[in-house]
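Residue strings, one per chain:
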Amino acid sequence: MKRLVQLLPLGALMPLPVKGVQAETPKDPIYVKTSNGWNAAYAHGNEYAEFRVIGNGAKLQDPYHILLQKGVGMMVSFVDKKELQKNDLLSAHAQWETNYWHQHASRVESNNRADLIGTRKDVKVTEIRVYNDKGAQLSSYLIGLAAKDGVFALSVSSPAKKGVDLLVKELVSSFKLVPRNLDAEETKRLSSEAKAQR
């Protein structure tokens, strides 16, 4: 009998067979419900990024957008190193994102938030503050995780800065690169871990 794993892409539960079936690596991030939020995995090539969204109030909008709490959203993405064209992928990614906002906002400020990553060298957090022509501000915390072929990114955005630092620290602590294919067996392992957290 095939064992089924419950995963959440596109906001609806989708069973995936995991025994005796060679499944393709998912193209979109996948989410497994836990007792206190979601465990997530996003594959690119033969590795994937893993992270946790903590809190039962988090609502998945689609595989790439999550409402973490009222007024705080997150976008999940991957940027190929061909787009960045530099050896220091994390710094290049932060600059690439800042350049994008310079083209779409009246004013942009950014600073490195090393205070949110601890001693890790594989992650970079950049706070980007974007202003429109009326002075309204949006703060975005860009969390980049270095990978072999580019950067996995979580972008946490909020019009109010208050209380976001702790949320970003929680995301950073769970954001890690796993040097394995996100295949059926790995999906099964992730589901088992999530069940143990319930």
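Turning our attention to the overall build of the chain. Looking only at helices and strands, the chain has four helices and 13 strands in total. Put simply, of all contacts in the chain between residues at least 6 apart along the chain, 51% involve residues at least 24 apart. Of the roughly 10600 Å² that the chain leaves accessible, carbon and sulfur atoms contribute 53%.

As a further point, take the pairing of strand β3 (residues 30-34). The buried fraction of β3 amounts to four of the five residues, a majority that puts the element mostly inside the structure. As paired strands, β3 and strand β4 (residues 37-44) are joined by five bridges and run antiparallel to one another. Bridging from a neighbouring strand, Tyr31 pairs with Ala40 of β4. Between β3 and β4, which pair antiparallel and follow one another directly, the connecting turn spans two residues.

Counting residues in hydrophobic clusters, the biggest one holds 32 residues, and the most contacted among them are Phe51, Ile66, Leu68, Met74, Ile143, Val156 and Val168. Counting residues per element, the ones that place at least two in this core are β4, β5 (47-54), β7 (65-69), β8 (72-80), β10 (123-131), β11 (137-146), β12 (150-158) and α3 (164-174). Ranked by the residues each element gives to this core, the list is headed by α3, at five residues.

For the rest of this paragraph, the subject is helix α4 (residues 184-196). With 13 residues, α4 ought to run about 18 Å at 1.5 Å a step, and its terminal C-alpha atoms sit 18 Å apart, in line with that. Buried within α4 we find Ala184, Glu186, Thr187, Leu190, Ser191 and Ala194. Across the axial projection of α4, the buried residues extend over an arc of 160°, all falling on one side. Capping of α4 at its N-terminal end is provided by Asp183; its side-chain oxygen lies 3.3 Å from the backbone amide nitrogen of Glu185.

Our next topic: the sheet that holds β5. Judged by pairing direction, the sheet is antiparallel, and its four strands sit side by side in the order β3-β4-β5-β13 without closing on themselves. Only two strands of the sheet have a single neighbouring strand rather than two, namely β3 and β13 (176-178). Strand after strand, the sheet turns through a mean of 25° between neighbouring axes, direction not considered. Here three bridges tie β5 to β13, and the two strands are oriented antiparallel to one another. If you follow Tyr48 over to β13, its bridge partner there is Val178. Relative to the sheet, α3 contacts β5 and β13, its axis offset from that of β5 by approximately 145°.

This part is about the confidence of the model for the chain. Averaged over all residues, the pLDDT of the chain equals 81, while 84% of them reach at least 70. Considering each helix and strand of the chain separately, the mean pLDDT is smallest for strand β1 (residues 4-7), with a value of 29, and largest for β13, with 96. Note on residues 1-23: pLDDT under 50 across the span, and 46 contacts to partners over four residues away in sequence or across chains.

So, how was this worked out
- Residues numbered from 1 in each chain as written.
- Predicted model: local features only at pLDDT ≥ 70, side-chain atom pairs only at ≥ 80, totals over all residues.
- Heavy atoms only, no water.
- Helix = DSSP H or I, 4+ residues; strand = E, 2+ residues; numbered from the N terminus.
- Contact = heavy atoms within 4.5 Å.
- Areas by Shrake-Rupley, 256 points an atom, 1.4 Å probe, with all protein chains shown as cover.
- Buried < 20%, exposed > 50% of the residue type's maximum accessible area, 1.4 Å probe, protein only.
- Pairing = 2+ DSSP bridges.
- Core = buried A, V, L, I, M, F, W, Y, C linked by side-chain atoms within 4.5 Å.
- Expected span 1.5 Å × (residues − 1).
- Arc of directions from axis to C-beta.
- Polar contact = N/O pair within 3.5 Å; in protein donor to acceptor, adjacent residues only side chain to side chain.
- Axes fitted to C-alpha atoms, helices over the stretch in contact; angles between N-to-C directions.
- pLDDT = per-residue confidence, 0-100.

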